[in-house]
Each structure stands twice: as structure tokens, then as C-alpha cells.
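Structure assessment
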Amino acid sequence: MKTLIFRKRKDIFVFMLLLISLFSCKDNKKSLDLLSQAQGIMYLKPDSALILLDSIKSPESLSKNNYMQYVVANVQAKYKNYKDITSDTLIFVARDYFKKKDDDPKQIALATFYSGAYFYEKGSVRDAMAEYLKAAKYAEESNDLHLNGLIQSSIGYLYLKEYVYDSAVVRYERALEYYNKIPNSDSVIVRTLCSLYTTCTVAKRYESADMYYTRGLAIAKQMKSKYYEYMLDWHIGLALAQREEYDKSRYYLRRALASSSNAQDSLKLRLSLSRLYLDVDQLDSARYFAEPLKDKVSQLSDISTKMRIYSVLSRLEAKQGNYKGAYDYLVLDQKMYEALKEKQQSLGLREIEKKYDLSEKEKKMLELQMREYIIGLVALLAILLLIIAVLAIRVIRNKHRLEKRNNAFLNKQMKNMMYLNSIYKNIAEESAAFEKEIEALSITYGIKEKSKGYEQIRTSLKNMKKETEQRLSELTFDYMETQSVHPKILSTLNSADLLFLSLSYCGYETKDISIIMGVKPHALQMRKSRLIKKLQEINISDTRISSFLE
């Protein structure tokens, strides 16, 4: 018996595990498909890639390797869509994970590169450069042309920010070499040519700058892309201002502003134009382009842009003779400078990595495990409720079947008892009639002694009557048991009591019972009174007694 119960429990447990695994596998397959699609369109459609990644409901339920790929892809998509990534500290966990595995150069390069992007967004250019250079090494092993071009271009941009123009040009040229090998990569080629144009201009290599601009403009026109024409106008406008060719610069910057559909870009173009007009002392135009900056500057999150805006506003107020306003903007400019300086100095590589020590990783893993536990518990509870419901339905069905069988059995038992009662009645009546007939014949013919044949018939009738009476008593006993009367109570009743009960319950009148049992009506009434008293003594209610005897 114990072995059977154990097997049943084991079967239920295995069934529950299979169900949980089935649901988990379906969810994981869908998540993996979404992740794969997002990775496939990341370079061409980063906005769509981000939507696909956001639709993955529980990325933590993926395997460790797939979850780490999700972390990298999520940071990559957010960065390409100009979203804030400064809270995505899991990128360092992914970087360390792929480096430790050391079997996927592309994932190592991606995780390392976006670790560098994190540092750059935090204002730590040196740490960003260190990560970019490491990523470049792994990217070469991956043979991913787009990734190599992206990393080289990003290194070039950091060199440009640090005024190392020759190195910047070298890196941008390398990026261009990679992009030229990729089919349908005109968009990234134009962006790289814009960067080369700007770098060569600030490095005063004007011939090279003009060459890059001409090439970029030709590709943009071939693409029929107003966006890239606008980007080229912006870059050439800034570069011409560096050359102090203000009229040409003003023309290209205003044309770029007219074509801009991006609020942030428009703000930066207005900043460039207001600074340009300040340089040539055209204060009305400077004020016209600077006025919208006053309302928008507080909404910006980029400290360096805010610093440049406050600087332009301070210069504008000073040239208009509003020295108090100029001083107020100068104070704000100084605050932004101090904030930027503090930000750049406080974020060293070691301090950043200390933020993501073992305790932080354990906390993340604990949250992941807790989420998995809750999901598993809910699934288990749902399965248990399903099993309970199935078992309850079975119990109800079995109960109905049992009640139906019991009712059929009781009906059959009742019919048997009534049938035996009728037989018993017939035997009793026939015996009485036989006795009377014999008595009448004996008187008529003067026979004093009964014949041997008569005695045999009489004995046979008595035996038949006795056996029928015994069977009726047994049937009555069994039937009373089915009516929830305890056997110990029934044992106090003799066969005559049980016979009287049976005949009464089957609906025989007192005179019929008197004839069947062979007692006078008065004596039968006395027997009934004694039987009622017996039943009362064994704690049978008056209602139950009435149901049997009336």
C-alpha cells in the first residue's frame, strides 16, 4: 500500500515538473527568437531592435549565456537610440562573463565596447578609451566589419575630443576602410566622412576637409537623403566658422536649422548660430537665436552643452550692457564647469568597478532567483489546483455512482423483502386453510386420528413457513442496517420482532399480520407495544419508529 502511494506521488511530481518545463520552454523559445531578431537588425534599425528587446517579458529566466547577451544587446540598443545607459551596470557583469568564457570574440568586443560607452557617458574619457582599445583587439578576431568600424570611429571621436587630431584622422580612416567593405553602408560612410571633415578642419587641413565634404555630399545626394545633406550642412557650417569664413558658415548653419526636425539638434544649431553672430557683433541676430535657449537650458541633461549655452548668454548680456545678467550666467557657467570637472575626476576605472563588486552581483542574482522561485511557485500552485479539481470531480462522480448502486441495491432488497412477505403470507394463509379443511373432513367422516401423510404435509408447511420467516428476519436486519440503525441495537430484537417490523414496513394491516403470524389481534397489539418500548430503549426516535410501524 505504501509503495503504491509513493508511486502515485512520484508520478504527480514528475507530471508537475513536465508541465513547468513545457511552459518555461515555450516562453524561453519566444524570448530567444526576439533576442535573435533584435541582434540581427541592431545596426540598421536600432529603434526596432529596442522595441523587440523591451517585449521580452522575463529576460532573467533565460540561460546565463543568453541573459548576458540580452544585457549587452539592451545597452547597445539604448545607446544607439540616445537613451541614458548610466544605470545599466550589468554591462560590467556581462563583460567579465564573456571574458571568462573566452569563446566568443564578438560578444567580448561588444560588452567591452559598451562598458567604455558607459564610462564615456559618466564623463571618464580615459577609462572609456582604455575599454575601446581593448574592444578593438577582440573585434579584429570576430571579423565583424560593422563592429570594427564602430569601435575605430568611437576611438577617433575620443581623440578629437582630446585635440589629438592626427590620431583621430587615422582612426576615422580605419573605420572608413571597414565600412567600405560592407554592402549598403552609405549612411555610416557619410557620418564618418562628416567626422573626418570636422577633424581635418580643426586641424587646419582644409584641402583634405574639402575632399571629405565633397565625397560625403555626393553619396548623400545619391542616397537622396535630406537627413545626411542636413548633417553635412551642419558640419561644414561649424568648420567654416573655425576658418573664420562667417558668411559661408552662417549660410550652411541656417540651412541646416531649416532642415532639422530634431529638437535637440535644433537647440545646438541655435547655439552655434548665436555664438557665430556674437563673434561678428550682430547682437540682434545673436539675441534672436539665443532667446529660445534661455527656456530650454534647464531641461537639458548634458552638462557640457549647458555650459556652452550659459557662456553664450553671459557674453550676449555683457555686450548689451546688462552686466548683472552677464554675471549671473557666468556663475551658472562656472558651476557647470566645476560639475563637469568633478565628474571627470571622480570616476576612475577602479572606483567604477568597485561599485559592481561581489555583493552587488549577488544581490542581482538573488533577485533573479527569487523571481524564478515565485514563477515556479505560482506554476506549481496552478498545477496543484488543477489536480485537486480533477480529483474532486472524480470523487463526486464516484459518489454519485455509489449512491446510484446503493439505491439500486436498496430497491432490490426492498422488493425481495416484499416478495418474501407475500410468500410468507400465502404460506401462512394456505397452512391455516389446510388445517381448517382437515378439521372439517375429520368431523364429517368421524376421523379421530390424523394420517401419516397429513402430518408430513403439515410438517413441510411449518418448515417452509419457518425458513421464510428466518429469511425475512435476515432481510429486515440487513435493511435496517442500511437505514443507519446500528447492528448492536438490532441484535436486541428477536426474530418475531423483526418479522413484525418487516410486515408493518411492507404495509400489511394489523388483521393480516395477525393471521400471518398466527396470533390474535389483541396479542399482536401487545407485541407491538413491547416492540415500540424496546426500540425507544435503544434510542430510536419516535419519528423513525413511526416510519417502520405505520
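Residues numbered from 1 in each chain as written. Predicted model: local features only at pLDDT ≥ 70, side-chain atom pairs only at ≥ 80, totals over all residues. Heavy atoms only, no water.

1. Brief notes about the overall build of the protein chain
Here is the rule we go by: Numbering of helices and strands runs from the N terminus, with a helix taken as a DSSP run of H or I at least four residues long and a strand as a DSSP run of E at least two residues long. Only protein chains enter the accessibility calculation, which uses a 1.4 Å probe. A residue is then buried if its area is under 20% of the maximum for its type, exposed if over 50%, and partly exposed in between. Residue contacts are defined here by distance: any two heavy atoms, one from each residue, within 4.5 Å place the two residues in contact. Here the open area of atoms and residues is found with the Shrake-Rupley method and a 1.4 Å probe, where only the protein chains shown may cover a residue.
Counting its regular elements, the protein chain contains 24 helices and zero strands. The proportion of buried residues among the 550 residues of the protein chain is 40%. A sequence separation of at least 24 residues applies to 59% of the contacts in the protein chain between residues at least 6 apart. Counting every atom, the protein chain has about 32,900 Å² of accessible surface; 54% of that belongs to carbon and sulfur.

2. Observations concerning the nonpolar core
Applicable threshold: By nonpolar core we mean a set of buried residues, namely Ala, Val, Leu, Ile, Met, Phe, Trp, Tyr and Cys, connected to one another through side-chain atoms within 4.5 Å.
Ranked by size, the top nonpolar core spans 77 residues in total, and within it Leu53, Met68, Phe98, Tyr114, Ile151 and Tyr197 carry the most contacts. Among the elements that line this core, the one with the most residues is helix α5 (residues 105-122), at 10 residues. Setting aside chain neighbours within four positions, we find Tyr197 in contact with Ala209, Asp210, Tyr212, Tyr213, His235, Ile236, Ala239, Leu240 and Arg243. By size, the runner-up hydrophobic cluster in this structure holds 28 residues, among which are Leu257, Leu267, Val297 and Leu300.

3. Overview of the side chain of Gln152
Within the secondary structure, Gln152 sits in helix α7 (residues 145-161). You can call Gln152 buried: its relative accessible area is 3%. In this structure, Gln152 is in contact with Ala136, Arg171, Arg174, Ala175 and Tyr178, ignoring residues within four places of it in sequence.

4. Points about the packing of aromatic side chains
Here is the rule: What counts as a ring pair is set by centres within 6.5 Å for rings of Phe, Tyr and Trp (its six-membered ring), and what kind of pair is set by the plane angle: stacked under 30 degrees, edge-to-face over 60, tilted for all other angles. Should the NZ of a Lys or the CZ of an Arg lie within 6 Å of a ring centre and within 35 degrees of the ring normal, that charge is described as sitting over the ring.
Counted by the stated rule, this structure contains 16 aromatic pairs. Ring geometry for Tyr67 versus Tyr70: centroids 6.3 Å apart, planes at 10 degrees, classification stacked. In this pair, Tyr67 and Tyr70 are both assigned in helix α3 (residues 64-80), three residues apart and thus about one turn of the helix distant. Taken as a pair, Tyr67 and Tyr70 share a single burial class, namely buried. Its end group placed over the ring of Tyr138, Lys137 keeps NZ or CZ at 4.8 Å from the ring centre. Looking at Arg270, its charged tip hangs above the ring of Tyr288, at a distance of 6.0 Å from the centre.

5. Section: the confidence of the model for the protein chain
Rule in force here: pLDDT gives the predictor's per-residue confidence on a scale running from 0 to 100.
Scored by pLDDT, the protein chain comes out at a mean of 76, with 71% of its residues at no less than 70. Between residues 19-25, whose pLDDT stays under 50, and residues either more than four places distant or in other chains, the model counts four contacts.

6. Quick look at helix α15 (residues 303-319)
Put simply, the rule reads: Expected helix span is computed as 1.5 Å times (number of residues minus one).
Over its 17 residues, α15 extends 25 Å from the first C-alpha to the last, a length consistent with the 24 Å expected when each residue adds 1.5 Å. The element α15 is extensively covered by neighbouring structure, given that 12 of its 17 residues are classed as buried. Along α15, the residues that are buried comprise Ile303, Ser304, Thr305, Lys306, Met307, Ile309, Tyr310, Val312, Leu313, Ser314, Leu316 and Glu317. Looking one or two places after α15, you find Gly321, whose phi comes out positive at around 90 degrees.

7. Some remarks on a positive patch on the surface
Applied cut-off: To count toward a patch, a residue needs a relative accessible area over 30% and no salt bridge; like charges are then connected within 9 Å, while nonpolar side chains (Val, Leu, Ile, Met, Phe, Trp, Tyr) are connected within 5 Å. Salt bridges are defined as contacts in which a side-chain nitrogen from Lys or Arg sits within 4 Å of a carboxyl oxygen from Asp or Glu. We treat Lys and Arg as the positive residues and Asp and Glu as the negative residues; His and chain ends play no part in the count. Where a charge lies is defined by one atom per residue type: Lys uses NZ, Arg uses CZ, Asp uses CG and Glu uses CD.
A contiguous patch of positive charge, built from Lys161, Lys268, Arg275 and Arg308, is present on the exposed surface. In this structure, Arg275 sits in helix α13 (residues 263-279). Arg275 sits in the partly exposed class, given a relative accessible area of 31%.

8. Remarks on unusual backbone geometry
Its identity as a non-glycine residue notwithstanding, Asp102 has a phi of 55 degrees, on the positive side. Following the sequence through the fold, Asp102 ends up in the loop between α4 (90-101) and α5. By relative accessible area, Asp102 is classed as exposed at 57%. A positive phi angle, near 60 degrees, is found at Lys204, a position not held by glycine. Mapped onto the elements of the fold, Lys204 is located in the loop between α9 (186-202) and α10 (206-223).

9. Topic: the packing of helix α11 (residues 226-242) against α13
We count it as follows: Throughout, an axis means a line fitted to C-alpha atoms (over the contacting stretch in the case of helices), and angles, computed between N-to-C directions, take values from 0 to 180 degrees. Under this scheme an angle from 65 to 115 degrees is roughly perpendicular, one under 35 degrees roughly parallel, and one over 145 degrees roughly antiparallel; angles in between are oblique. Two helices cross in a left-handed way if the nearer one is turned anticlockwise from the farther one by less than a right angle. They cross in a right-handed way if the turn is clockwise. Only Asp, Glu, Lys and Arg are considered charged in this grouping, and only Ala, Val, Leu, Ile, Met, Phe, Trp, Tyr, Cys and Pro are considered nonpolar; every other residue, Gly among them, is considered polar.
Between α11 and α13, the least distance of the axes is 11 Å, while the angle of their chain directions is 25 degrees. Considered as vectors, α11 and α13 are oriented roughly parallel to each other. Crossing geometry of α11 relative to α13 is assigned as left-handed. Two secondary-structure elements touch here, α11 through Tyr230, Trp234, Leu238 and Ala241 and α13 through Asp265, Lys268, Leu269, Ser272 and Leu276. Here the residues of the contact of α11 with α13 are counted per class, giving six nonpolar, one polar and two charged.

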